[in-house]
Amino acid sequence: MKKLILMILALFCSQITTYSEQIHFDNEVYELKFSAIAPNTGGYGNEYYKNSENVADWTKMVGVYYYPNENNPVKYAQNFDTTVENTDNSVLLKLIENKKSDKAVISFLVNGCENSKKFFEYDVYKFEKHPTKGMVVSKYASKHYFTDESEITAIAQDIKENNDKYLEMLIMSPVPSVIEKDINY
């Protein structure tokens with residue numbers, strides 16, 4: 001009986017640890033609310049959202065994606081850049097490559113609409129080697145909703161003023177641990 005209670009307690013504690021996983025970015029706390037294995041890559045994707053937000057409804061998020069079979073982050077980023085540039089609703093802002101350290105960062109905008117609300121999604125991705133095998137991609141994203149032209153101008157100005165800041169913040173951020181457990185809440 002004592003063993004059973006200890007096993008249940010250990011399982012409960014591991015659940016609390018997993019679900020309380022947090023990332024601090026830009027003076028905000030993001031909680032792990034989604035984690036799943038990606039069938040195409042065999043790696044995990046973890047997504048962190050602000051406390052009151054989730055996968056279906058968010059304004060800011062941080063993602064960590066593990067690609068165990070990708071070994072060239074700079075080449076991957078270059079291909080990603082080509083995809084962004086060839087997508088009708090996307091605009092490339094900046095691509096920075098560091099071939100010596102085998103890292104790259106990219107920032108871009110995506111124009112979208114959900115629930116009849118128009119928005120720009122600002123994305124910054126960092127591509128780098130995983131400490132043991134493959135590649136890890138870190139992501140920061142924010143959605144900026146708008147209803148008229150004056151709001152678009154303000155959004156564009158804000159993103160222009162802060163793009164280098166977010167690129168640098170992501171570059172300087174350590175590689176977060178990848179949580180290899182399915183979580184969806």
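Residues numbered from 1 in each chain as written. Predicted model: local features only at pLDDT ≥ 70, side-chain atom pairs only at ≥ 80, totals over all residues. Heavy atoms only, no water.

Undergrad: Can you tell me about the pattern of salt bridges, naming the residues and giving the values?
TA: Tallied over the full model, the rule gives nine salt bridges. Among the salt bridges present, the one from Lys 94 reaches Asp 164, with a minimum N-O distance of 2.7 Å. Separated by 70 residues along the polypeptide, Lys 94 in strand β5 (residues 90–98) and Asp 164 in helix α3 (residues 149–172) bring together distant segments of the chain. Using a relative accessible area of 46% as the deciding quantity, one classes Asp 164 as partly exposed. Of the charged contacts, one joins Glu 114 and Lys 143 as a salt bridge, the two residues approaching to 2.9 Å between their closest N and O atoms. Placement of Glu 114 in strand β6 (residues 103–114) and of Lys 143 in strand β8 (residues 135–146) is noted, with a sequence separation of 29 residues between them. Lys 143 gets classed as buried once you look at its relative accessible area, which sits at 9%. (Salt bridge = Lys/Arg side-chain N within 4 Å of Asp/Glu carboxyl O. Helix = DSSP H or I, 4+ residues; strand = E, 2+ residues; numbered from the N terminus. Buried < 20%, exposed > 50% of the residue type's maximum accessible area, 1.4 Å probe, protein only.)

Undergrad: Could you give an account of the packing of aromatic side chains, naming the residues involved and the relevant values?
TA: Counted by the stated rule, this structure contains 14 aromatic pairs. Judged by centre distance (6.3 Å) and plane angle (55°), the ring pair of Tyr 49 and Trp 58 falls under tilted. Each of the two residues, Tyr 49 as well as Trp 58, counts as buried. Clustering of aromatic rings is evident, with ring pairs tying together Tyr 67, Tyr 76, Phe 80, Phe 108, Tyr 125 and Phe 127. Sitting over the ring of Tyr 145, Lys 117 keeps its end group 5.1 Å from the ring centre. Here the guanidinium or amino end of Lys 143 rests over the ring plane of Phe 119, the centre of that ring lying 5.0 Å away. (Phe/Tyr/Trp six-rings, centres within 6.5 Å; stacked < 30°, edge-to-face > 60°. Lys NZ or Arg CZ within 6 Å of the ring centre and 35° of its normal.)

Undergrad: Outline the nonpolar core, listing residues and values.
TA: By size, the foremost hydrophobic cluster in this structure holds 25 residues, and its most contacted members are Phe 25, Tyr 48, Val 62, Tyr 122 and Tyr 140. Going through the elements one at a time, β1 (22–25), β2 (28–37), β3 (44–49), β4 (60–67), β6, β7 (117–129), β8 and α3 are the ones with two or more residues in this core. Per element, the largest residue contribution to this core is five residues, and it comes from α3. Among the nonpolar cores identified, the runner-up in size contains 16 residues, and Tyr 49, Tyr 67, Phe 108 and Phe 127 belong to it. (Core = buried A, V, L, I, M, F, W, Y, C linked by side-chain atoms within 4.5 Å.)

Undergrad: Describe a nonpolar patch on the surface, listing the residues and the values that go with them.
TA: A surface patch of nonpolar side chains, about 280 Å² in accessible area, is lined by Ile 96, Ile 171 and Met 172. With respect to the secondary-structure elements, Met 172 resides in helix α3. (Patch = residues over 30% accessible without salt bridge, like charges linked within 9 Å, V, L, I, M, F, W, Y side chains within 5 Å. Areas by Shrake-Rupley, 256 points an atom, 1.4 Å probe, with all protein chains shown as cover.)

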